[in-house]
Amino acid sequence: MRMLLLGVLPTCLAACLVTGAAAVPWPKDGLAESARGRQWPLRAMDVRDAWQRSRGAGVTVAVLDTGVDARHPDLTGVVAQGPDLTGAGPAGSVRHGTAMASLIAGRGHGPGRALGVLGVAPEAEILSVRVTLENDDPRRADARISARTRLAVARGIRYAVDHGAQVISMSLGGGEGSYEGSPAEEDAVRYALGKSVVLIASAGNDGDGANRRNFPAGYPGVIAVGAVDERLRCAPFSNRHDFLSVVAPGTGIVSADGPGSYVVADGTSSAAAFVAGIAALVRSRYPALTAMEVRQAIQDGARPHPPGAADAYGHGVANALGALRAAERLHRVPLAATVPRRPHIEVDHDRSRQLIGLALLLVAAALAARVAVTR
């Protein structure tokens with residue numbers, strides 16, 4: 001995820017582009033107000049209209065990431081801490097995971113929760129499972145730690161499924177390193193889908209370069225998410241592949257950072273988190289839908305993409321209201337099943353055929369008698 005720190009002035013952004021930059025303790029009130037004002041994705045995805053139908057209540061979204069800071073004011077009371085599966089020791093920075101959690105289920109803070117970041121599903125709960133390290137963590141270079149973390153995503157998926165997550169968000173992979181996948185990961189994905197858990201993953205951030213096939217986004221059944229800008233144009237860095245499900249806002253995205261801080265970032269990580277929030281809205285409103293039906297609703301409810309651009313857009317730009325409308329159609333009982341069926345009547349207990357037969361005999365007898373008289 002490419003990040004910019006929000007500046008001291010509410011309307012300004014820091015000039016430098018950084019990766020894994022340290023959070024700066026800016027004045028909280030002005031910064032939080034600025035953060036709320038810059039949440040253009042809520043408008044672009046019709047999120048506020050979708051909130052009239054669902055806000056994600058009762059749904060747990062597992063965030064498989066670098067960890068989540070539950071102390072951030074926008075995430076107070078939202079986060080359940082799962083295990084650290086990296087084997088790397090104390091987490092240190094958990095900025096990326098905190099950012100993703102805020103985009104999914106941020107609740108804002110202050111009077112009327114008018115400050116800070118609102119997630120797409122502000123009444124959902126977050127289960128944090130640490131499966132990777134921040135990009136700037138020097139422990140990434142440690143071969144022993146790297147070997148232990150190779151199975152972390154697979155273990156994280158299984159842990160999330162077994163501990164009640166209905167949606168799993170994985171903003172993993174990208175231009176700073178490719179996740180090549182593994183049989184253990186693929187088995188874990190199948191396990192989750194078999195339990196009807198919705199899986200979402202970022203498509204990757206090297207679309208303007210190697211455009212690698214990233215995992216877990218590349219596994220069948222996973223909702224792979226690319227990124228668009230504020231004008232809903234495909235972001236140059238967004239990976240383009242035929243398995244892409246949808247795209248979502250991924251440039252100039254404001255999210256939670258360190259305690260009381262915020263960042264502005266570009267990347268398919270943010271886009272995937274937004275779609276995980278949409279999945280939580282659908283799951284909350286229509287809990288009986290299967291994981292594949294939730295995926296279908298998100299794809300069917302997306303805004304159409306330009307002609308011939310499926311590799312860049314998938315099924316289109318994810319839309320919260322559209323997904324809920326599509327889910328409603330899937331939720332309805334099929335028409336064929338709603339047509340009342342005629343009750344099955346056992347012949348042995350039905351005298352109607354006998355009466356009809358007797359009537360026909362009487363008619364035949366009357367006709368025969370009439371013929372005989374006329375002769």
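Predicted model, so just to flag it, every value in this text is computed and none were measured.

Engineer: Explain the packing of aromatic side chains here, please?
Structural biologist: Any pair of aromatic rings gets described here by the distance separating the centres and the angle formed by the planes. Going through the model one piece at a time under the given rule, you end up with one aromatic pair. Considering the side-chain rings of F215 and Y219, the 4.7 Å spacing of their centres and the 50 degrees angle between planes classify their relative orientation as tilted. Each of the two residues, F215 as well as Y219, counts as buried. The ring centre of W51 lies 4.7 Å from the NZ or CZ of R55, which sits over that ring. Over the ring of Y191 we find R158; its NZ or CZ atom is 4.8 Å from the centre of that ring.

Engineer: Hey, could you run me through the pattern of salt bridges in this one?
Structural biologist: Side chains that differ in charge, positive against negative, can pair when their charged atoms come close. Per the counting criterion, the structure on display carries 15 salt bridges. Measuring nitrogen to oxygen at the nearest pair gives 2.9 Å for the salt bridge that ties R233 to D229. On the basis of relative accessibility, which here comes to 15%, the residue D229 falls in the buried class. Salt bridges here are not isolated pairs; linked through shared partners, they connect R53, E328 and R332.

Engineer: Would you mind going over the confidence of the model for the chain with me for this structure?
Structural biologist: Do not read the fine detail of predicted coordinates wherever pLDDT is low. On average, residues of the chain score 83 in pLDDT, and 79% of them are at 70 or above. Of the regions scoring below 50 in pLDDT, residues 174–178 engages in 13 contacts with residues more than four places distant in sequence or in other chains. Here residues 334–350 is a poorly scored stretch, pLDDT under 50, and it has three contacts once near neighbours within four places are set aside; other chains count.

Engineer: What is the right way to look at the pairing of strand 9 (residues 223–228) in this model?
Structural biologist: A regular strand places its side chains so that they alternate between the two faces of the sheet. Among the six residues in strand 9, six count as buried, and that is most of the element. Relative to strand 10 (residues 246–249), strand 9 is paired through four bridges, and the arrangement is parallel. Bridging across to strand 10, A227 finds its partner in A248.

Engineer: Where do I start with helix 4 (residues 95–105) in this structure?
Structural biologist: Residue pairs three or four apart in sequence face the same way in an α-helix, which turns once every 3.6 residues. For helix 4, the buried fraction is high: eleven of the eleven residues fall into the buried class. Of the positions making up helix 4, those classed as buried are R95, H96, G97, T98, A99, M100, A101, S102, L103, I104 and A105.

Engineer: What's the story with the side chain of D229 in this structure? I'm lost.
Structural biologist: Following the sequence through the fold, D229 ends up in the loop between strand 9 and strand 10. Within polar-contact distance, the side chain of D229 engages the backbone nitrogen of R233 at 2.9 Å. When sequence neighbours within four positions are dropped, the list of residues in contact with D229 reads W40 and T251.

Engineer: Help me understand the packing of helix 8 (residues 268–285) against helix 11 (residues 320–331) in this model?
Structural biologist: Axis angle and axis distance: for two packed helices, these are the angle between their axes and the distance between the axes, and together they describe the pair. Running from N to C, helix 8 and helix 11 cross one another at 35 degrees; their axes reach a closest spacing of 9 Å. For the element pair helix 8 and helix 11, the recorded crossing hand is right-handed. In contact with I278, L281, V282 and R285 of helix 8, helix 11 contributes A320, A323, L324 and A327. Here the residues of the contact of helix 8 with helix 11 sort into seven nonpolar, no polar and one charged.

The rules behind each value
Residues numbered from 1 in each chain as written. Predicted model: local features only at pLDDT ≥ 70, side-chain atom pairs only at ≥ 80, totals over all residues. Heavy atoms only, no water. Phe/Tyr/Trp six-rings, centres within 6.5 Å; stacked < 30°, edge-to-face > 60°. Buried < 20%, exposed > 50% of the residue type's maximum accessible area, 1.4 Å probe, protein only. Lys NZ or Arg CZ within 6 Å of the ring centre and 35° of its normal. Salt bridge = Lys/Arg side-chain N within 4 Å of Asp/Glu carboxyl O. pLDDT = per-residue confidence, 0-100. Contact = heavy atoms within 4.5 Å. Helix = DSSP H or I, 4+ residues; strand = E, 2+ residues; numbered from the N terminus. Pairing = 2+ DSSP bridges. Polar contact = N/O pair within 3.5 Å; in protein donor to acceptor, adjacent residues only side chain to side chain. Axes fitted to C-alpha atoms, helices over the stretch in contact; angles between N-to-C directions. Left-handed = near helix turned anticlockwise from the far one by under 90°. Nonpolar A, V, L, I, M, F, W, Y, C, P; charged D, E, K, R; others polar.

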